[in-house]
Amino acid sequence: MPRMESEQRVVTANGTTQAVRVAGPPDGTPVLLIHGNCSSSLFWEPLLRRLPPTLRVVAPDLRGYGDSATAPVNATRGLRDFADDIAALLDDPTLFASASASSGLPVVVGHSLGGGVAMRLLVDHPHRVGALLLAAPVSPYGFGGTRDLTGTPTTPDFAGTGAGTANADFVARLAAADRGADAPASPRAVLRATYVADPAVLGADEELLLDSVLSTATGDDNYPGTAVPSANWPGTAPGERGVLNALAPTWFRLADELVAVAPKPPVTWVRGDADVIVSDTSLFDLAYLGSLGVVPGWPGEESCPPQPMVGQTRAVLQRYAAAGGAYREVVLPGCGHSPHLERPAEFVAELLALTGVPAV
């Protein structure tokens, strides 16, 4: 079977310049790939090599990532800036065939932050999504700052979430395009330690994937964004600009909207049981780090429990199913935050099941 190969195009959509990786015939079964935080469409390249060439794959660089414009992210819109950019691409006939064509509606695949963007896209444009494949997605209640399966805030201002939680050394090394491996906060070290459970799976693709991480635009309008002081532990709350604030539960909370969406396409949720980013014991949740003594002054379990991220997503998808939808949860043992890199055969099988294209 010939290997799928991609090419990059640059288009203007939703008023911004977007770099888009495209593969497969224009009238092929459409698949839209939305990457996660601190990455780009390059993060999908190892997956593309394993896909049948009959698919039409479109993988954009989100604003502020890859080769797309460094457009600002208005955090008060949650992840809607990103979702609006994606929705505009669906109308580009050079990328996708007409929605009325026999190729049908796209299967939308979202990884991590991209999973939140995919959920937002579904809520805002339910008639444009054929199915949803969520890979280690952010909780429908945002990242951090909530205490239970219904997303109850830990504090009124969602302290301990947003841009103020970013590791300043990591941000500085991103901005400096640091390719070293010695510092724990270097992008390469973070890629190895947190994006995957076993860094050996990166293999010959490590440099390509590091390029993807280093393409992240840093600053107040992008990653990580702005922070405001808080009277609540740990002293910081989300601002109104930038990526980490757009992920904060102050601005990104769409559980009820997702449950109510109509029509309800099938949803497959793929996650690894060794994920340290999106987890009920996330190493990026300050409440969990506080419980470990890593962040001083933690007020305790009753006041500030770690966010049950996995439990929240399951509870929301169960409500989605009870309201007439359908979802499937796939848990991959020993897999970390990037199931499409770590367990590609299983991931491809789940994707093809949603497309209806037979495995080869």
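Here the structure is shown first, and the text comes after it.
Note that the structure is predicted; figures quoted are calculated from it, not measured.

Section: a nonpolar patch on the surface
- There is a patch of nonpolar side chains on the surface, built from L283, F284, L292 and V294 and spanning about 360 Å² of accessible area.
- Among the structural elements, L283 can be located in the loop between β11 (267-272) and α9 (286-291).

Here we look at the packing of helix α5 (residues 187-195) against helix α6 (residues 206-214)
- At their nearest, the axes of α5 and α6 sit 10 Å apart, and the two run at 110° to each other. In terms of orientation, α5 lies roughly perpendicular with respect to α6. Residues P187, R188, L191, R192 and Y195 of α5 lie in contact with α6, whose contacting residues are E206, E207, L209, L210, V213 and L214.
- For the contact of α5 with α6, the residue count by class is seven nonpolar, no polar and four charged.

Points about the pattern of salt bridges
- Scanning the entire structure with this criterion turns up 24 salt bridges.
- Across the pair E207 and R188 runs a salt bridge whose closest N-O atoms are separated by 2.8 Å. Residue E207 is found in helix α6, and its partner R188 is found in helix α5; the two are separated by 19 residues along the sequence.
- Overall, the relative accessible area of 8% leaves R188 in the buried class.
- Note that R319 is salt-bridged to D256, the shortest N-O span being 2.9 Å. With a gap of 63 residues between them, R319 in helix α10 (residues 309-322) and D256 in helix α8 (residues 255-260) connect regions that are remote in the sequence.
- Residues joined in a network through salt bridges with shared partners are R179, R188, R192, E206, E207 and D211.

Some points on the packing of aromatic side chains
- On inspection of all chains with the given rule, the structure shows two aromatic pairs.
- Centroid distance F43 to Y195: 5.6 Å. Interplanar angle 50°. Geometry classified as tilted. Of this pair, F43 sits in the loop between β3 (29-34) and α1 (45-48) while Y195 is found in helix α5, placing the two residues 152 residues apart along the sequence.
- Since its relative accessible area comes to 1%, F43 is described here as buried.
- On the accessibility criterion, Y195 (8% relative accessible area) is buried.
- Seen in terms of ring centroids, F170 and Y223 are 6.2 Å apart; in terms of plane orientation they differ by 90°. Their pairing is edge-to-face. Note that F170 is positioned in helix α4 (residues 168-175) and Y223 in strand β8 (residues 223-224), a separation of 53 residues in sequence.
- For Y223, a relative accessible area of 6% translates into the label buried.
- The lysine or arginine in question, K264, covers the ring of Y320, its NZ or CZ lying 5.8 Å from the ring centre.

About the thresholds
- Residues numbered from 1 in each chain as written.
- Predicted model: local features only at pLDDT ≥ 70, side-chain atom pairs only at ≥ 80, totals over all residues.
- Heavy atoms only, no water.
- Patch = residues over 30% accessible without salt bridge, like charges linked within 9 Å, V, L, I, M, F, W, Y side chains within 5 Å.
- Areas by Shrake-Rupley, 256 points an atom, 1.4 Å probe, with all protein chains shown as cover.
- Salt bridge = Lys/Arg side-chain N within 4 Å of Asp/Glu carboxyl O.
- Helix = DSSP H or I, 4+ residues; strand = E, 2+ residues; numbered from the N terminus.
- Axes fitted to C-alpha atoms, helices over the stretch in contact; angles between N-to-C directions.
- Parallel < 35°, antiparallel > 145°, perpendicular 65-115°, else oblique.
- Contact = heavy atoms within 4.5 Å.
- Nonpolar A, V, L, I, M, F, W, Y, C, P; charged D, E, K, R; others polar.
- Buried < 20%, exposed > 50% of the residue type's maximum accessible area, 1.4 Å probe, protein only.
- Phe/Tyr/Trp six-rings, centres within 6.5 Å; stacked < 30°, edge-to-face > 60°.
- Lys NZ or Arg CZ within 6 Å of the ring centre and 35° of its normal.

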